[in-house]
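Here is what each chain is made of, one letter per residue.
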Amino acid sequence: MSQKNRLASGGRIDRSKPLRFKYNGREYQGYQGDTLASALLANGVDVIGRSFKYSRPRGIVAAGAEEPNAVLQLGATEATQVPNVRATQQELFGGLVSSATNGWPNADMDLMSYVGKVGGRMMPPGFYYKTFMYPQSMWETYEKFIRKAAGLGRSPLENDPDTYDKINHHCDVMIVGAGPAGLAAALVAARSGARVILADEQNEFGGSLLHSREKINGRPAANWVAETVAELEKHPEVLLLPRSTVNGYHDHNFLTIHQRCTDHVADQAPKGQVRQRMHRVRANWVVLATGAHERPLVYGNNDVPGCMVASAVSTYINRYGVVPGNELVLMTTNDYAYQTALDWADAGRKVVAIVDTRQNPKGARIEEARKRGLNVITGSAVIEVQGSKRVSGVSVAPIDARGDKVTGSVQRLSCDTVASSGGWSPVIHLSCHTGSRPEWRDDIIGFVPGKTVQRQLTAGGINGTYSLRKVLEEGARTGAQAAESAGFADAAKGIALPLSEEVQEGPAMALFHIPHTKPTARAPKQFVDFQNDVTASGIELATREGFESIEHVKRYTAMGFGTDQGKLGNINGMAIAAKSLNQTIPQTGTTIFRPNYTPITFGAIAGRDCGELFDVKRYSAMHRWHVEHGALFEDVGNWKRPWYFPKAGESMQDALDRECKATRESVGILDASTLGKIDIQGKDAREFLARVYTNAWAKLGVGKCRYGLMCGEDGMVFDDGVTSCLAENHFLMTTTTGGAARVLEWLELYHQTEWPEMEVYFNTVTDQWATMTISGPNSRKLLAELTDIDLDGDSFKFMDWRQGKVAGVPARVFRISFTGELSYEINVQANYGLYVWEKLFEHGAKFNLTPYGTETMHVLRAEKGFIIAGQDTDGSVTPIDLGMSWCVSNNKPFSYIGKRGMAREDCNRPNRKQLVGLKAKDPKKVIPEGSQAVDDPKQPLPMKMLGHVTSSYYSANLGHSIAMGMIRDGHNRMGETVYYPQADGSVIEAEICSPIFLDPKGERQNV
Amino acid sequence: MFYIYCPHCGEHREEEEFHAKGQAHIARPADPDSCSDKEWGEYLYFRKNPRGLHHEMWVHAAGCRKFFNVTRDTVSYEIKEVYKIGERPSVVAAGN
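Quick caveat: nothing in here was measured; it's all calculated off a predicted structure.

## As for the domain arrangement of chain A
Link 1 in the chain: According to the domain assignment, chain A consists of domain 1 (1-161), domain 2 (164-289 + 426-485), domain 3 (295-422), domain 4 (526-591 + 598-606) and domain 5 (911-1007).
Link 2 in the chain: Each of domain 4 of chain A and domain 5 of chain A was reduced to a C-alpha centroid, and the two centroids are 58 Å apart.

Following this line, the structure appears as structure tokens:
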């Protein structure tokens, strides 16, 4: 269990707590405080995956969110599999199981690499586009190859056993990033009394200070971090969120934070704890203190394991006590990276050379390196690396002052690690999320956040401010500004600035792409985007092929499209494109970033909204009875409505036949509670109804009900229902189940915006009433046993309603019918619903009272030709098209909604599609709903279609199938035959008829 | 996700409570029957799609159910003002 690269002391790991973990089936050991990446490096694991396109071996290059290669699969069991985990961000725990995600048969011995070597030239940029374009038959060949090779992990096949949470917050100041700038800002804002949230993606606060050897107030920076965090913890209004990545910055200062609560503890969250939590924050002011990522340089074979970003090497040494090699060559364009060589030397390992691309660099760190006898080679660059699974040496050559070409002879140096630094890129991702365009700054050689409309401030590295002293100063000042802007007036008073020494630095060189002795296209591959295998020559090729916009170059080459969003490579790629286009970087511009900053699990997005809690469920007051009586349910809106009530051994059709016959022969009962009910009151209520319905309402008396059609201004039907006059200025409107909310909003819209002078009030009362409809010839006899209402057919007529008691409960009884039978719709206060329902069954046994659901309701209404708005209508159908001109008034004084629309020329042209009945020639054949009618089924494709079937059932009462559907000019084609070709090649022949199949005179409901 | 001030409730609430209802200030013609098909078609279907300031109607659907108007920048999504039905916007695009 050797950790050959682990130092004997130093770092923020706990050597007294060894942890065992598995990678690719082998067991290793690390320590508490390690990341998976630092533990792998400690154990000398070089290859952690194969590259996406060329299958080249890849190793860890960075130490944080920007890592492109070490994207691993986690999970000890099938259910706990997590793809897309960056080893650099995964804390180590005992028993962790991980594996490489691409590489076949495994990452270390990958057969695909031979394909990559041989086939590399087969897959230039634009490969996918070119392949899609050219012989299509080739795609299947390529696809297998690509799918197998392109994985970055896999989803679990079993359900996730863990629980995830969501939580909402409001705060005065949201600070993103707890490095020196964020901590300084938080401290000042917290002291002002502001409600502060401080979030950081790492397990500990401190950011760069966790691996820095600089001092604050004369003591190690870590001491200041500890004191600051300790003080912040004491402020009651401060919420500290470590292990929490601010993944999205959305409109109006809305931020989403992905907190990993127990990912560092075990494979599965401990009992009673959540795995991850999504915080949804609405902040008054936001301070972005997200720091900067170091850019690697682009040079030949720069992807060989052992090539790393300079600051990452320092992080592994100082924070984790891991030196990821023995012999280092450092290549840099700036002073800061010299620290890596100094750290390496301090760790007791050999610094082979510091290769500085600048001709004559001067600065404090350079002086120190020279003083310590390190080999500093100036005006030169590492043009190429040797080695395959690990760096074995480098070629170093002098370059010109602009970094355009190699100017002298090449020398070879032997080493196993190459650290490179091309300067720093501010982490501007979050500011880009809100639409802000980044701005280039020559002095810091990087993009900084541009203008924003958000209440947003920035501090520290994100501004290109890198000296610790200035970062702390800027953080404190920005924290004060944010708090003051949020209304905490004296925030700036008495700031005690932490002090740190200023290190004297010389200017950096703007260099991204290291020249080679050969032209780029012939030089060894120089990788820009490791995750998508985008090379410098690929970008140059894209510009040669005519892609000038950086957005197009990005899409053509796939640069920045990986799960790392090109955090390391994008700026280098843009610089290479700019140079190739003979432009400056600001002229070329930059692509921007979208949420999420780092990949996020579906669990965190879903939170508790899954399984039983996935969607709202609405139940009627009688739901329990339905369940107990074996109902199957159908979702209508959010309602669970009984679909049908099968008895033991019955098929669905058996059950429907029985329910339909029982209703027509004796009495059936339907739970109609879900129909929308809107209470309408006010002296103008009646006039209002006349304006929103197509028919007349002026003369509807108290105690009467009327069916109405509602149209849009375009004259198309959108809802229907019965409205009853409860009192002179008081009506009860019913709507379709699914349309209830939409209709209420529609009424409010017209009242509030068009006719505010009308005195009318609307209120939804859907939930307040339980509604049960008894229907059938024996419904009167049944109801008579339970009510004090006079049910005499001459006094309580069809389309009347009465107030009274049913089963001793106050009730409104409406004599309306959706089945064409004698029907009573009984409405009682919802909490009496089940009681009255059960009373009806007590008395109904002798009448064979039969419960039926939505499907039987559909059959019964279709037998009568009654439409269902939304099924027989689709927003392109007028009342006239439906054959319901009886429901349209032309005599109303006000031009009601839909009237003008219906008068449009197009609504009055001949040959419109119209609703008709359809009778299949084969009486047993039910024409599938949605089938398209044609006149001649033998005509060539594409056939001329006449309209579709909207409703279709088998009617047990009639002994044959019935259907309704749209037919072009259908009202004039009664008795004619149309054909419905089916997907299986068969054709169903049908006769056009009236949609009223049963009791056309309406005698059954008028008894 | 927007953070919208409801002028009737007097509070900022999350966008989830609201429904967007499209362009504001489209009055229903006083006498629809005397409109030509073209005029009626324009009332029904033709809407502005400006880059920049847009006056639009929202309803506090899961709140007070009141409609109101919003002046919003369609580029930055900034809400410049919120005003009640019947009121005129105070923030308007140049030339309007």
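## A word on the packing of aromatic side chains
Link 1 in the chain: Inspection of the entire model under this criterion finds 28 aromatic pairs over all chains.
Link 2 in the chain: Ring centres 5.6 Å apart and planes at 75° place the aromatic pair B:Phe2 and B:Tyr77 in the edge-to-face group. Of this pair, B:Phe2 sits in the segment before β1 (3-6) while B:Tyr77 sits in the loop between β5 (67-73) and β6 (79-84), placing them 75 residues apart in sequence.
Link 3 in the chain: Here the aromatic residues A:Phe688, A:Phe718, A:Trp746, A:Tyr750, A:Trp755, A:Phe762 and A:Phe894 are joined through ring pairs into a cluster of three or more.
Link 4 in the chain: If you follow A:Lys567 out to its NZ or CZ, it ends over the ring of A:Tyr597, 4.5 Å from the centre.

## A word on the pairing of strand β40 (residues 801-806) of chain A
Residue and element names in this part refer to chain A.
Link 1 in the chain: Bridge count between β40 and strand β41 (residues 809-814): six bridges; the pairing is antiparallel. Residue pairing in the sheet places arginine 802 in a bridge with valine 813 of β41.
Link 2 in the chain: With antiparallel pairing between neighbouring strands as the criterion, β40 and β41 make up a hairpin whose turn holds two residues, including alanine 807 at a positive phi of roughly 55°.

## Examining the interface of chain B and chain A
Link 1 in the chain: On the chain A side, the residues contacting the 30 residues of chain B number 30 residues.
Link 2 in the chain: Buried surface at the junction of chain B and chain A, both sides included, amounts to about 2600 Å², of which 47% is carbon and sulfur.
Link 3 in the chain: Counting the contacts that link chain B with chain A gives seven salt bridges.
Link 4 in the chain: Residues A:Glu748 and B:Arg65 are paired through a salt bridge, measuring 2.9 Å at the closest nitrogen-oxygen approach.
Link 5 in the chain: Remark: the boundary between chain B and chain A carries 25 residue pairs in polar contact (both at pLDDT 80 or more).
Link 6 in the chain: Where the side of chain B that touches chain A is concerned, the elements lending two or more residues are β3 (19-23), α1 (37-45) and β4 (53-59) of chain B.
Link 7 in the chain: For the side of chain B that touches chain A, the per-class residue count stands at 18 nonpolar, three polar and nine charged.

## With respect to the sheet that holds strand β42 (residues 823-829) of chain A
Residues and elements named next belong to chain A.
Link 1 in the chain: Taken together, the six strands give an open sheet; going across it, the order is β40-β41-β42-β39-β33-β43, and neighbouring strands pair in mixed fashion. In this open sheet, the two strands that pair with only one neighbour each are β40 and β43 (850-852). Averaged over all pairs of adjacent strands, the angle between strand axes in this sheet comes to 30°, irrespective of strand direction.
Link 2 in the chain: As judged from the four bridges shared by β41 and β42, these two strands associate in the antiparallel manner. Among the inter-strand pairings, valine 813 is bridged to a residue of β42, identified as isoleucine 826.
Link 3 in the chain: Sitting on the sheet, helix α18 (residues 652-665) is in contact with β33 (668-671), β39 (769-775) and β43, with an inclination near 120° to β43.
Link 4 in the chain: The strands touched by helix α22 (residues 833-844) within the sheet are β33, β39, β40, β41, β42 and β43, with β39 carrying the most contacts at an inclination of about 20°.

## What to know about the packing of helix α5 (residues 180-191) of chain A against helix α6 (residues 221-234) of chain A
Residues and elements named next belong to chain A.
Link 1 in the chain: Put simply, α5 and α6 touch, their axes get as near as 10 Å, and they point 35° apart. Crossing angle aside, the handedness with which α5 passes α6 is left-handed. Residues Pro180, Leu183, Ala184, Ala186, Leu187, Ala190 and Arg191 of α5 pack against Trp224, Val225, Thr228, Val229, Glu231 and Leu232 of α6.
Link 2 in the chain: Each residue belonging to the contact of α5 with α6 can be placed in one class, and the counts come to ten nonpolar, one polar and two charged.

## Here we look at the pairing of β5(B)
Residue and element names in this part refer to chain B.
Link 1 in the chain: In terms of burial, β5 is largely enclosed, as seven of its seven residues are buried.
Link 2 in the chain: Both faces of β5 are covered, namely the face carrying Phe67, Asn69, Thr71 and Asp73 and the face carrying Phe68, Val70 and Arg72.
Link 3 in the chain: Judged from the seven bridges that link them, β4 and β5 form a sheet pairing that is antiparallel. Looking across to β5, one finds that methionine 57 is bridged to asparagine 69.
Link 4 in the chain: Between β5 and β6, which pair antiparallel and follow one another directly, the connecting turn spans five residues, one of which, tyrosine 77, has a positive phi of 70°.

## Description of the side chain of B:Arg28
Link 1 in the chain: When you line up the elements, B:Arg28 lands in the loop between β3 and α1.
Link 2 in the chain: At 2.4 Å, the side chain of B:Arg28 forms a polar contact with the side chain of A:Glu713.

## Digging into α22(A)
Residue and element names in this part refer to chain A.
Link 1 in the chain: The end-to-end C-alpha distance of α22, which contains twelve residues, comes to 16 Å, matching closely the 16 Å that a straight helix rising 1.5 Å per residue would cover.
Link 2 in the chain: Every buried residue belonging to α22 is among Gly833, Leu834, Val836, Trp837, Leu840, Phe841 and Gly844, and all of these are buried. End-on, the buried residues of α22 take up no more than an arc of 165°, which puts them together on one face.

## Some details on the UniProt feature "domain: FAD/NAD(P)-binding" (unreviewed entry) in chain A
Link 1 in the chain: With numbering matched to this structure, UniProt assigns "domain: FAD/NAD(P)-binding" (unreviewed entry) to residues 172-428 of chain A.
Link 2 in the chain: Between the first and last C-alpha atoms of residues 172-428 of chain A the distance is 22 Å; the span itself is 21% helix and 36% strand.

## Description of the environment of A:Glu294
All names here are of chain A.
Link 1 in the chain: Here glutamate 294 lies in strand β16 (residues 292-294).
Link 2 in the chain: Residue classification places glutamate 294 among the buried positions, given a relative accessible area of 2%.
Link 3 in the chain: Glutamate 294 sits 130 residues away from tryptophan 424 along the chain, and the two C-alpha atoms are 4.3 Å apart.
Link 4 in the chain: Not counting chain neighbours up to four residues away, the residues in contact with glutamate 294 comprise Val309, Ala310, Ser311, Ala337, Ser420, Ser421, Gly423, Trp424 and Leu568.
Link 5 in the chain: In terms of polar contacts, glutamate 294 uses its side chain to reach the side chain of serine 421, at 2.4 Å.

## Topic: the environment of A:Thr734
Residue and element names in this part refer to chain A.
Link 1 in the chain: Relative to the helices and strands, threonine 734 is located in strand β37 (residues 730-735).
Link 2 in the chain: Judged by relative accessible area, threonine 734 falls into the buried class, the value being 14%.
Link 3 in the chain: Along the primary structure threonine 734 and glycine 721 are separated by 13 residues, whereas in three dimensions their C-alpha atoms are 5.2 Å apart.
Link 4 in the chain: Apart from residues no more than four positions distant in its own chain, threonine 734 is found in contact with Gly676, Lys677, Tyr693, Asp720, Gly721, Val722 and Thr723.
Link 5 in the chain: Among the polar contacts listed, one links the side chain of threonine 734 to the backbone oxygen of valine 722, at a separation of 2.8 Å.

## Examining the sheet that holds strand β21 (residues 380-387) of chain A
Residue and element names in this part refer to chain A.
Link 1 in the chain: The three strands are arranged β21-β22-β23 in an open sheet whose pairing can be described as antiparallel. The two strands at the open ends of the sheet, each matched to only one other strand, are β21 and β23 (411-414). Taking each pair of neighbouring strands and ignoring which way they run, the sheet shows an average axis angle of 30°.

## Side note on the side chain of A:His293
All names here are of chain A.
Link 1 in the chain: Looking at where histidine 293 falls in the secondary structure, it is placed in strand β16.
Link 2 in the chain: Engagement of the side chain of histidine 293 in a polar contact is seen with the side chain of tyrosine 597, the distance being 3.4 Å.
Link 3 in the chain: Not counting chain neighbours up to four residues away, the residues in contact with histidine 293 comprise Glu66, Gly423, Trp424, Ser425, Val427, Lys567 and Tyr597.

## Points about the confidence of the model for chain A
Link 1 in the chain: Here chain A averages 94 in pLDDT, and 95% of its residues register 70 or above.
Link 2 in the chain: Within the model, pLDDT remains below 50 along residues 115-120 of chain A, and this stretch shows five contacts once partners closer than five positions in the same chain are excluded.

Rules of the game
- Residues numbered from 1 in each chain as written.
- Chains lettered and ligands numbered in written order.
- Predicted model: local features only at pLDDT ≥ 70, side-chain atom pairs only at ≥ 80, totals over all residues.
- Heavy atoms only, no water.
- Domains from an automatic or database assignment.
- Phe/Tyr/Trp six-rings, centres within 6.5 Å; stacked < 30°, edge-to-face > 60°.
- Helix = DSSP H or I, 4+ residues; strand = E, 2+ residues; numbered from the N terminus.
- Lys NZ or Arg CZ within 6 Å of the ring centre and 35° of its normal.
- Pairing = 2+ DSSP bridges.
- Contact = heavy atoms within 4.5 Å.
- Buried area = accessible area lost by both parts, 1.4 Å probe.
- Salt bridge = Lys/Arg side-chain N within 4 Å of Asp/Glu carboxyl O.
- Polar contact = N/O pair within 3.5 Å; in protein donor to acceptor, adjacent residues only side chain to side chain.
- Nonpolar A, V, L, I, M, F, W, Y, C, P; charged D, E, K, R; others polar.
- Axes fitted to C-alpha atoms, helices over the stretch in contact; angles between N-to-C directions.
- Left-handed = near helix turned anticlockwise from the far one by under 90°.
- Buried < 20%, exposed > 50% of the residue type's maximum accessible area, 1.4 Å probe, protein only.
- Expected span 1.5 Å × (residues − 1).
- Arc of directions from axis to C-beta.
- UniProt positions renumbered as here; feature names shortened; annotations may be inferred.
- pLDDT = per-residue confidence, 0-100.

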